[in-house]
Amino acid sequence: MTELAASDFRPAQRHIRLDTILRLRWLAVLGQLAAIFIVAQGLEFNVEIVPCVSIIALSAALNLALQTVSNPLQRLEPMQAAGLLALNIVELAGLLFFTGGLQNPFSFLFLAPVLISATALPARFTFGLGVLAVACASVLFFFHLPLPWNSDDPLVLPPIYLVGVWLSIALAIGVTSLYSFQVTEEARKLADALAATELVLTREQHLTQLDGLAAAAAHELGTPLATIFLISRELEKTVKEPNFAADLKTLREQTQRCRDILSKITQLSSTGAPFDRMKLSELIEEVVAPHRDFGVDIKVRIAVAIVAEPVGSRNPAILYGVGNIVENAVDFARTTVEVNAWWNKDTIELVISDDGPGIPPDILNRIGEPYLSRRRSKDEGGGLGLGVFIARTLLERTGAKVSFTNRTFPDHGAVVQITWPRDRFEAIETFEETIG
C-alpha cells in the first residue's frame, strides 16, 4: 500500500496577498472620504475636516508607496499582514477620536481587521489584533472630541449606553472572530486533507499505469527475443568451431533468461491490471497478505452463502481504503485481527475488528475527520491523522458505507464495518470514475 508520510504533504502556510490588503485599504479610504463628505456637506454637521482628511491622506500615501515599491501579487508573511491590519485599527481609532469616539456608529468597524485576520492568519496574530482593537475602543471611551451633530440640538448619550457600546464591540470581536477562525480552520483542514487524498490516488494511478506499461513492454519484446533465441539455437547446432559455439550458447542462455524475466513481468501484470475482475475473497487476501508477518494473527472468515460470491473490479481505491483499515487494526491489536465477510443478492459487508484498546469515546463520533489522530500503536508512530480520513473518503466514493464502533463489553477492540450495495460493487468502474 502507498503510505503518506508527513514529509510528503504538509498544509500550506497562511499568507495574504498584498493586493488583497491594498484593495481593502483603498475601500476604507473611499468609504471614509464619502462619510466625511456626507456628514460635512450633506448633513452640514461640524466635522474636524482637516485632521480627518490628513489621516486619510496618510493612509492613501502609504497605499501608493506599497504599490510602487512592492509587487502587489506577492504574498505577505503573517507578521507583515498583521502589521498592516493593526495600522488599519490605529487609523480608524484616530478618525473616531475626532468624530465622537464610541458615540460614532462607525466604531463597530473595529471588527473588520480582526475578522480578516481570523480567516487568514494564525490565532496568535488574531488575538493580538483583537486586544489592540479593544484597547483602542477603551481609550476612545474616555478621550474623544464631541460627536458631529446639530449645534442647536446636540446629542448627549448617557455613560451606561457607551459602556454597552464598548461591551458589544468587545464581545463582537471575541465571538465572531472565534467563530470565523473555527469555520475557516475546518475548511482549510478539509481542503488540505482532500489534497492529500488526491496525492495518494495519483500515486496509485501511477502504479497502475506503470503496471500496464510493463505488460505492454513484455508483450512487444517477446517476439524479437523469441526470434533471437531460435536463430542462436540453430546457429549453435551448425557451427563447429568451439569458440563461436560457446559464444552462441551464452547468447542463447541470456536470451532465454530475458524471456523468463519478461514472463514473470507478464504474470505480475496479468493479475494487477486495473480492469481485472477479482472475487471478494481474493480482494481480502490481497489486502491482508502484506500484514501477516507482524506478530498479529489475522483471521479471515468468509461466510457460506447460497448466492454466488461477488466479483468486482480490482479497484485501487478499494484496495487502499480496506488496506489502510487493516493496517490500523494490526497496529493497535494485541494478538488478533479478524476480517469477516458475508453477502447476499443485495448487500456485501466486510467487518474488520481487533482486540486492541478500541476507539476512545471522545473521538468515536468524529472518527474519519481529517487531522484527527490519537496514535497509541506499538511503536507510537506519529502521523498527520489523515489515514482513516483518506480510507473512508476513497471507500465512500466507491459506494460503500463505513461505520466505526467498539466491541461490546467485556470484549475490547475497534470494529469497522464496510457495506456496499452489491450492484455497485460488481459494476465495472474505471479508475478515473472512482476518483472523479
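Residues numbered from 1 in each chain as written. Predicted model: local features only at pLDDT ≥ 70, side-chain atom pairs only at ≥ 80, totals over all residues. Heavy atoms only, no water.

- You'll find the protein chain entered in an unreviewed UniProt entry as histidine kinase, with Bradyrhizobium canariense given as the organism.
- Per UniProt, the protein chain carries the Catalytic activity (unreviewed entry) text "ATP + protein L-histidine = ADP + protein N-phospho-L-histidine." (UniProt positions renumbered as here; feature names shortened; annotations may be inferred.)

### Focus: the overall build of the protein chain
For step 1, the next point in the chain: Of regular secondary structure, the protein chain possesses 13 helices and nine strands.
For step 2, the next point in the chain: Residues counted as buried form 39% of the 436 residues belonging to the protein chain.
For step 3, the next point in the chain: Within the protein chain, residue pairs in contact and separated by at least 24 positions form 76% of the contacts whose partners lie at least 6 positions apart.
For step 4, the next point in the chain: For the protein chain, the accessible area works out to roughly 24100 Å², and carbon and sulfur atoms hold 62% of it. (Helix = DSSP H or I, 4+ residues; strand = E, 2+ residues; numbered from the N terminus. Buried < 20%, exposed > 50% of the residue type's maximum accessible area, 1.4 Å probe, protein only. Contact = heavy atoms within 4.5 Å. Areas by Shrake-Rupley, 256 points an atom, 1.4 Å probe, with all protein chains shown as cover.)

### A few points about the sheet that holds strand β8 (residues 401–406)
For step 1, the next point in the chain: The strand order β4-β6-β7-β9-β8 describes an open sheet built from five strands, whose pairing is mixed. Pairing within the sheet leaves two strands with one partner each, and these edge strands are β4 (297–302) and β8. Strand after strand, the sheet turns through a mean of 15 degrees between neighbouring axes, direction not considered.
For step 2, the next point in the chain: By the bridge criterion, seven bridges tie strand β6 (residues 336–343) to strand β7 (residues 347–354) in an arrangement that is antiparallel. (Pairing = 2+ DSSP bridges. Axes fitted to C-alpha atoms, helices over the stretch in contact; angles between N-to-C directions.)

### What about the pairing of strand β9 (residues 414–421)?
For step 1, the next point in the chain: As judged from the seven bridges shared by β7 and β9, these two strands associate in the antiparallel manner. When the bridges of β9 are listed, I352 appears paired with V416.
For step 2, the next point in the chain: As paired elements, β8 and β9 share six bridges and run antiparallel to each other. Bridging from a neighbouring strand, T405 pairs with V415 of β9.

### Here's the deal with the nonpolar core
For step 1, the next point in the chain: With 36 residues, the main nonpolar core has V322, V337, I352, I418 and W420 as its most contacted residues.
For step 2, the next point in the chain: When residues of this core are traced back to their parent elements, those giving at least two are α8 (280–288), α9 (316–332), β6, β7, α11 (387–397), β8 and β9.
For step 3, the next point in the chain: Take this core: its biggest share by element is seven residues, from α9.
For step 4, the next point in the chain: If we skip the residues at most four places from it in the chain, V322 touches V287, L350, I352, L395, I418 and W420. (Core = buried A, V, L, I, M, F, W, Y, C linked by side-chain atoms within 4.5 Å.)

### As for the packing of aromatic side chains
For step 1, the next point in the chain: Following the criterion strictly, the structure yields four aromatic pairs and no others.
For step 2, the next point in the chain: Ring geometry for F141 against F142: centres 4.9 Å apart, planes inclined by 80 degrees, an arrangement best described as edge-to-face.
For step 3, the next point in the chain: The exposure class assigned to F142 is exposed, which follows from its relative accessible area of 62%. (Phe/Tyr/Trp six-rings, centres within 6.5 Å; stacked < 30°, edge-to-face > 60°.)

### Observations concerning the pairing of β6
For step 1, the next point in the chain: Most of β6 is tucked away, with six of its eight residues classed as buried.
For step 2, the next point in the chain: Taken together, the six bridges between β4 and β6 define a ladder with parallel strand orientation. Residue pairing for β6: K299 is matched across the bridge by E338.
For step 3, the next point in the chain: Joining the antiparallel neighbours β6 and β7 is a turn of three residues.

### Observations regarding the environment of N63
For step 1, the next point in the chain: Positionally, N63 belongs in helix α2 (residues 49–69).
For step 2, the next point in the chain: Here N63 falls in the buried class, since its relative accessible area comes to 0%.
For step 3, the next point in the chain: A sequence separation of 34 residues divides N63 from V29, and the C-alpha atoms of the two residues are 9.8 Å apart.
For step 4, the next point in the chain: Residues in contact with N63, not counting those within four places in the same chain, are L22, R25, W26 and V29.

### Focus: a nonpolar patch on the surface
For step 1, the next point in the chain: The grouping of F97, V139, F142 and F143 at the surface amounts to a nonpolar patch, some 430 Å² of accessible area in total.
For step 2, the next point in the chain: Position of F97 relative to the elements: it lies in helix α3 (residues 78–97).
For step 3, the next point in the chain: Overall, the relative accessible area of 30% leaves F97 in the partly exposed class. (Patch = residues over 30% accessible without salt bridge, like charges linked within 9 Å, V, L, I, M, F, W, Y side chains within 5 Å. Salt bridge = Lys/Arg side-chain N within 4 Å of Asp/Glu carboxyl O.)

### Some words on the pattern of salt bridges
For step 1, the next point in the chain: This model, assessed by the stated rule, comprises eight salt bridges.
For step 2, the next point in the chain: Ionic pairing is found between D19 and R17, a salt bridge with its closest N-O pair at 4.0 Å.
For step 3, the next point in the chain: R292 is the salt-bridge partner of E285, the closest N and O atoms lying 3.2 Å from each other.
For step 4, the next point in the chain: Looking at E285, the relative accessible area reads 37%, which means it is partly exposed.
For step 5, the next point in the chain: Accessibility expressed as a relative area gives 34% for R292, which makes it partly exposed.
For step 6, the next point in the chain: Via salt bridges that share partners, R17, D19 and R23 belong to a single interconnected network.

### Topic: helix α1 (residues 18–42)
For step 1, the next point in the chain: The terminal C-alpha atoms of α1 lie 35 Å apart, and with 25 residues this matches the ideal 36 Å at 1.5 Å per residue to within 8%.
For step 2, the next point in the chain: For α1, the full list of buried residues reads L18, D19, I21, L22, R25, V29, I36 and A40.
For step 3, the next point in the chain: Tucked into the core, α1 has its buried residues touching β1 (16–17), α2, β2 (75–76) and α3.
For step 4, the next point in the chain: Where α1 ends, the next residue or the one after it, E44, has phi of about 60 degrees, a positive value. (Expected span 1.5 Å × (residues − 1).)

### A closer look at the packing of α8 against α9
For step 1, the next point in the chain: Closest axis-to-axis distance for the α8/α9 pair is 9 Å, and the angle between their directions is 55 degrees. Between α8 and α9, the angle is such that the two are oblique. Regarding α8 and α9, the two cross each other, and that crossing is right-handed. In this structure, α8 uses L283, E286 and V287 to contact α9, whose residues at the interface are I318, L319, V322, G323 and V326.
For step 2, the next point in the chain: Counted by class, the contact of α8 with α9 contains six nonpolar, one polar and one charged residues. (Parallel < 35°, antiparallel > 145°, perpendicular 65-115°, else oblique. Left-handed = near helix turned anticlockwise from the far one by under 90°. Nonpolar A, V, L, I, M, F, W, Y, C, P; charged D, E, K, R; others polar.)

### With respect to the side chain of H291
For step 1, the next point in the chain: Note on placement: H291 falls in the loop between α8 and β4.
For step 2, the next point in the chain: Non-local contacts of H291, meaning those with residues more than four positions away in its chain, are made with I298, G323, V326, E327 and V330.

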